[in-house]
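Structural overview
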Protein chains: 2
Amino acid sequence: MTTTTIPEVVVLRLPLYVRVLAALEGRGQGVVSSQELGTLLHATPAQIRKDLSYFGRFGKQGRGYQVSNLLKELRHIMGIDREWSVVLVGVGQLGSAILTYGGFAPQGFNILAAFDADPSKHGAAIGNVLVQDIAQIKSEAQRLGVHIGIVAVPVSHCQRVVDLLVDCGIRAILNYAPYQPTTPPGVWVRDIDPVVALQSMTYHLKTAEDQW
Amino acid sequence: MTTTTIPEVVVLRLPLYVRVLAALEGRGQGVVSSQELGTLLHATPAQIRKDLSYFGRFGKQGRGYQVSNLLKELRHIMGIDREWSVVLVGVGQLGSAILTYGGFAPQGFNILAAFDADPSKHGAAIGNVLVQDIAQIKSEAQRLGVHIGIVAVPVSHCQRVVDLLVDCGIRAILNYAPYQPTTPPGVWVRDIDPVVALQSMTYHLKTAEDQW
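Quick notes on the rules
- Residues numbered from 1 in each chain as written.
- Chains lettered and ligands numbered in written order.
- Predicted model: local features only at pLDDT ≥ 70, side-chain atom pairs only at ≥ 80, totals over all residues.
- Heavy atoms only, no water.
- Helix = DSSP H or I, 4+ residues; strand = E, 2+ residues; numbered from the N terminus.
- Buried < 20%, exposed > 50% of the residue type's maximum accessible area, 1.4 Å probe, protein only.
- Contact = heavy atoms within 4.5 Å.
- Areas by Shrake-Rupley, 256 points an atom, 1.4 Å probe, with all protein chains shown as cover.
- Lys, Arg positive; Asp, Glu negative; His and termini not counted.
- Charge placed at Lys NZ, Arg CZ, Asp CG, Glu CD.
- Polar contact = N/O pair within 3.5 Å; in protein donor to acceptor, adjacent residues only side chain to side chain.
- Domains from an automatic or database assignment.

1. Quick look at the overall build of chain A
Helix and strand content of chain A: 8 helices and 9 strands. In chain A, which comprises 212 residues, the share counted as buried stands at 47%. In chain A, once contacts between residues fewer than 6 apart in sequence are set aside, the share between residues at least 24 apart is 55%. Total accessible area computed for chain A in this model is approximately 10,100 Å², and 53% of it derives from carbon and sulfur atoms. Across chain A, the mean location of the 18 positive side-chain charges is 10 Å away from that of the 17 negative side-chain charges.

And the structure:
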């Protein structure tokens, strides 16, 4: 384990390593080469070796990586072998869908509370979570020991809500608004933006059309 | 314009170039250096120059890039200076949120039809889109000239729905199910997976905790 700075692009790739390794483990594969990992992750073997070298010496020269061991180590390094407490802000249609989405809890992300500014929503229970007044967020976040905030509010409210989460001591924010909020150093934001994903496919559609 | 193969990592970065350039144009900036673009995109100036060199000669040595010109060219290269026809499959809570989300149409992505297997949903109008029987998708997709499919069904249905979209001639799929469907060559899939985004932040949270 090391405290040197890991390039953010490497950090962003780690979940994909875990996903691929979990699939390999699931089908009983014991060892994987950097070549095979490269194919699965659309990277060169040299890139794979370089990525993993940031975290220690996993592979033996010419022998590949032990799948289960590498997976377990990466999970630990990434902090995903434990539980994290999450709050949601914004209980519109998107927020409701997030609260009822079954994919977070099995991965250790527990949404413990939800907040909205609209009084008509307060007291509602959605997916086992109680919707509370946004005015309560600071005391609740501190009482619950919250690590992560999910923002599902309109663009016009995004920055204000992010500021509020930061003020609550939250340092990791998953942002569904198509807006890049500014945050102080030491706070991480990831954007879920379907338009960006669509725009990275139209290049291929257009290129294919141009070639016909 | 070129038909050489552009590395997929570069294609994935293009929407971020567009977003950053649009913000620069919005505040009236005429010229941008590879240094400044690198700072905004968390990449080295050399990486920026290499990325853009795939698409032609945009910058003049030592003079930087013309913001408006580069933005316009990239939009054209990416095929986002035009309209694309989209269908959605799966009109649960997530699908409904997608249909009422206001961010697609202004970027040229027009959701023209939605499909679900549940008869109780057929005929409903959500966000100006009519929900139709999934059995109609092939004829409707061909009638509407659809380019892109959005998948918002449970994991257990994901592969079957993706196969159906491919069978409709659709070659770009935005997948919200936390499952990697297999597709034939020439079909592109992008996953919207909030768990992957969360997992790329816990590394930082954990590292910060470890250092205290």
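2. Here we look at the side chain of Thr 202 of chain B
Checked against the element boundaries, Thr 202 of chain B lands in helix α8 (residues 194-210). We classify Thr 202 of chain B as buried; its relative accessible area is 0%. Within the structure, the side chain of Thr 202 of chain B is placed 2.8 Å from the backbone oxygen of Met 78 of chain A, a separation counted as a polar contact. At 3.2 Å, the side chain of Thr 202 of chain B and the backbone oxygen of Gln 199 of chain B are in polar contact.

3. With respect to the domain arrangement of chain A
Where interface size is given, it is often the accessible area lost as the parts come together that is meant. Each assigned domain of chain A is listed here: domain 1 (8-78) and domain 2 (84-195). Once you take the C-alpha centre of each, domain 1 of chain A and domain 2 of chain A turn out to be 32 Å apart.

4. A look at the environment of His 157 of chain B
Residues and elements named next belong to chain B. With respect to the helices and strands, the residue His 157 is situated in helix α7 (residues 155-167). A relative accessible area of 36% places His 157 in the partly exposed class. Sequence separation between His 157 and Gly 92 is 65 residues; the distance between their C-alpha atoms is 13 Å.

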